[in-house]
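# Architecture at a glance
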Amino acid sequence: MTATVEPTSEQTSLTVLAACPHDCPDTCAMVVTVEDGVATEVRGNREMPYTDGGLCVKVDNYLDRVYSPERVLHPMRRVGPKGSGQFERISWEDAIAEIADRYRTIIAEDGPEAIMPCNYLGTQGILQGLNVGDPFFNKLGATVAERTYCDSGACTAYVMTMGDTAGVDPESFVHSRFILIWAANIMSTNLHLWPYVAEARKRGAKVVVVDPVRTRTANAADQHIAIRPGTDGALAMALMHVIITEGLTDEAYVAEHTVGFEELSERVQQYTPEWASEETGVPVEVIRTLAREYATSQPSVIRIGVAVERHAGGGQTVRALACLPALVGAWRNPGGGILQLPLWAFPVNWPAFMHPELQTPGTRVVNLFQLGEALTGGLELDPPLKSLFVYNSNPVVVCPDQDRMIAGLMREDLFTVVSEQFMTDTADYADIVLPATTQLEQTDVNFSWGHLYVTYNHQAIEALGEAVPNTELFRRLAAAMGFEEPCFRRTDEEMVAEAFDWSAPAMAGITIESLQERGWQRLNVPPADEYAPHAEGGFPTPSGKVEFVSSVAAGGNFVVPLFRQGSNDHQSGAPVDPLPHYIGPNEGRDSELAARFPLNLLSPKAHAFINSSYGNLARHRRVQKEPVLLINPEDAGERDIEDGATVRVFNDRGAFTVRAKVDASVMPGVTVSSLGHWRKHSIDLATPASLNPTAFADLGNAPTFSDTLVEVETVADAREA
Ligand SMILES: Nc1nc2c(c(=O)[nH]1)N[C@H]1C(S)=C(S)[C@@H](COP(=O)(O)OP(=O)(O)OC[C@H]3O[C@@H](n4cnc5c(=O)[nH]c(N)nc54)[C@H](O)[C@@H]3O)O[C@H]1N2
Ligand SMILES: Nc1nc2c(c(=O)[nH]1)N[C@H]1C(S)=C(S)[C@@H](COP(=O)(O)OP(=O)(O)OC[C@H]3O[C@@H](n4cnc5c(=O)[nH]c(N)nc54)[C@H](O)[C@@H]3O)O[C@H]1N2
Ligand SMILES: [Mo]
């Protein structure tokens, strides 16, 4: 297999090693066939053990994306009213000159903080991903975008408890005797983990899923525990209560490798299974049995999904879950412990990509969840925001508070630039649209947040039209702004060389050349069959132990720098109780709000989209089908909602209209409408984001998407009228 970078005219057919660009734990190794400069096939690389030649329903059809007639291929300037989608083609020179001119004027009149980037993980490689614009915006002095969409709260909680350890190698799941999948729909969102879970089951493991919804994953498991959204912390605390009061702890492991067991024992007294049952809706006996089986079936493993953090007490829930494996000594053997995101195993050279030293200390920080408020005067901002630069993200669909976001984007005095592959719901509101390449047209190197392999993505084809990679976009912008630092002139090849600390122990045996040659390489860690990273403790916390009483928590709340353009000088520092505890949902069922809005709305990931990406492509939309609202027959009956009826889902923040799907797979009190469908395809120009709150969870400024109370009513369908 050749790992060729540039197809040449003499070669008519070649294979190029690539890697999936998406924000997904699987980070698949891919092989691209290129004939006469045109990519004709994208498939999984069979040589890579973890992803094993498989792709998913999204990326199997990646060529639909690359060669879509809807690709944005040239810079464009808005000619119609904002949001009308009317643009004219302009040159790159004119686009860059216009941006630089507007920036100079805004900086002169209002200061650089009137400009703000808005980005996330449309592409997640080290070169083209989360941090690609950070040096530029840090140097510009722009408002710092705090981007805590995903796992920020869980990371804070996890680091507070166990430090930045990778946790359990997913490939050692085959050795687990008890697999507890908590708020993760693996069959849709982490497909390549499932074979390891299935193999463990074949060897006798029990698989339990904790989710308000009987998902595909829950269906495939041995047991599904339906839990009220946002009450996971109560269940986790009660599990510790049972384990400690029934003497099911691993006393020696606790004594040697943990801190604060006595305090924890005292703390969990109040969290009885009876109390937790009231809170969570899970029967008392189910809680007791789960605790006993989890503790005594060693090695046991917990796989936590990102969804566990998306409510008011999400951080403390992860704190509690992270304590459990140490309590029962699960870490002693391969396949025991917890898996959140093994990102920490990769010695990524983050400072070389974020350049935090270019940031002026004290620069204002605005969290992206508050962007709608920030753009419409709801936040007291001086200077107000005058320009937004969106790349790698589609905030209209993925950010809460959609109605205010749209109102903000409609502002005549807001200069909005969007770098995109497609005319998304956000790009429609741009003043300038810039064309971005897809993964086949760019170079990248990837860590993974779901396995322990580094992957390399060779550019397979020439860029289509005038599309450029994000790295090139920021080189052009930096040159136009006269930024002289060497980091703004680096080539992609130089960036690859800076991607990792190649001398770190985890990179032993991995060089740029070997990686380019093979396309993937496992980090230098023990084979999965022998890998028990914390059998002898050695946690990267200040004490070197699992901290039930967290010394880091005692220092207050914080956001991991990765999520904040590298800056570390804006930590909120709000005091945090150093012992795990239960925080119920903001929008709880006993609240005054619940009297008006008695149902909870979840907006989990769609099977055939990746966040809102692919939400425009015909084949993916056919697989995903039209957006629906899942509602339990009991709740539907009370509201005279029939299957297939058009319903309006609403709360004080907004409303959207969809078809109802009456479905007992969701528990009573819960409704579900997947993330990712585009606003412009909806019945009345709104998606679940119009109902989602901007409130932060308890730790790491995480979102509270699952903490959304709504009411549902039938309406006459405008489209049928
Ligand atoms: N097909 C597909 N795969 C993806 C993505 C995608 O969009 N589509 N996105 C990728 C990204 S960015 C991420 S972060 C991961 C996320 O992957 P997951 O963590 O699996 O994310 P979700 O699908 O949002 O939520 C998983 C489950 O959590 C449940 N849930 C929601 N709220 C609660 C709660 O309060 N308690 C409990 N116990 N369960 C709850 C939902 O019902 C859902 O079944 O997936 C990645 N993979
Ligand atoms: N209601 C609700 N909201 C959620 C969530 C939820 O569960 N429920 N999940 C949250 C989570 S976990 C996440 S991770 C976020 C995801 O939020 P985002 O990272 O914003 O994800 P996408 O919606 O896929 O938008 C990415 C955009 O980047 C573009 N893009 C892709 N590659 C490139 C590139 O190389 N260059 C440029 N310039 N653009 C590119 C794509 O075309 C796409 O439009 O959403 C969050 N929002
Ligand atoms: Mo995510």
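Residues numbered from 1 in each chain as written. Chains lettered and ligands numbered in written order. Predicted model: local features only at pLDDT ≥ 70, side-chain atom pairs only at ≥ 80, totals over all residues. Heavy atoms only, no water.

### A short note on the site of ligand 1
The full set close to ligand 1 counts 34 residues, and Thr189, Asp211, Asp232, Phe609 and Asn611 are the nearest of them. Between ligand 1 and the protein, one listed contact pairs a nitrogen atom with a side-chain N or O atom of lysine 58 at 3.0 Å. Within the side chain of arginine 310, an N or O atom sits 2.8 Å from an oxygen atom of ligand 1. If ligand 1 stood free it would expose 910 Å²; the protein chains cover 98% of that surface. When its residues are assigned to classes, the shell around ligand 1 shows 18 nonpolar, 10 polar and 6 charged. (Near = heavy atom within 4 Å. Polar contact = N/O pair within 3.5 Å; in protein donor to acceptor, adjacent residues only side chain to side chain. Areas by Shrake-Rupley, 256 points an atom, 1.4 Å probe, with all protein chains shown as cover. Nonpolar A, V, L, I, M, F, W, Y, C, P; charged D, E, K, R; others polar.)

### Observations concerning the sheet that holds strand β19 (residues 453-457)
Taken in spatial order, the 3 strands make up an open sheet running β18-β19-β20, and their pairing is antiparallel. Of all strands in the sheet, those bounded by a partner on one side alone are β18 (444-446) and β20 (520-522). Neighbour-to-neighbour, the strand axes of the sheet open up by a mean angle of 10°, direction not taken into account. Where β18 lies against β19, 3 bridges are found, and the strand directions are antiparallel. Each residue of the ladder has a partner; that of valine 445, found in β19, is tyrosine 456. (Pairing = 2+ DSSP bridges. Helix = DSSP H or I, 4+ residues; strand = E, 2+ residues; numbered from the N terminus. Axes fitted to C-alpha atoms, helices over the stretch in contact; angles between N-to-C directions.)

### Details of the sheet that holds strand β13 (residues 337-339)
Taken together, 5 strands build an open sheet; the order of strands is β10-β9-β8-β12-β13 and the sheet is parallel. Of all strands in the sheet, those bounded by a partner on one side alone are β10 (223-225) and β13. Averaged over all adjacent pairs, the angle separating strand axes in this sheet is 20°, with direction ignored. When strand β8 (residues 178-182) meets strand β12 (residues 300-304), the two strands line up parallel, connected through 5 bridges. In the sheet register, isoleucine 179 faces β12, and the bridge partner there is valine 301. The sheet strands contacting helix α13 (residues 314-327) are β8, β12 and β13, and the helix crosses β12 at an angle near 160°. (Contact = heavy atoms within 4.5 Å.)

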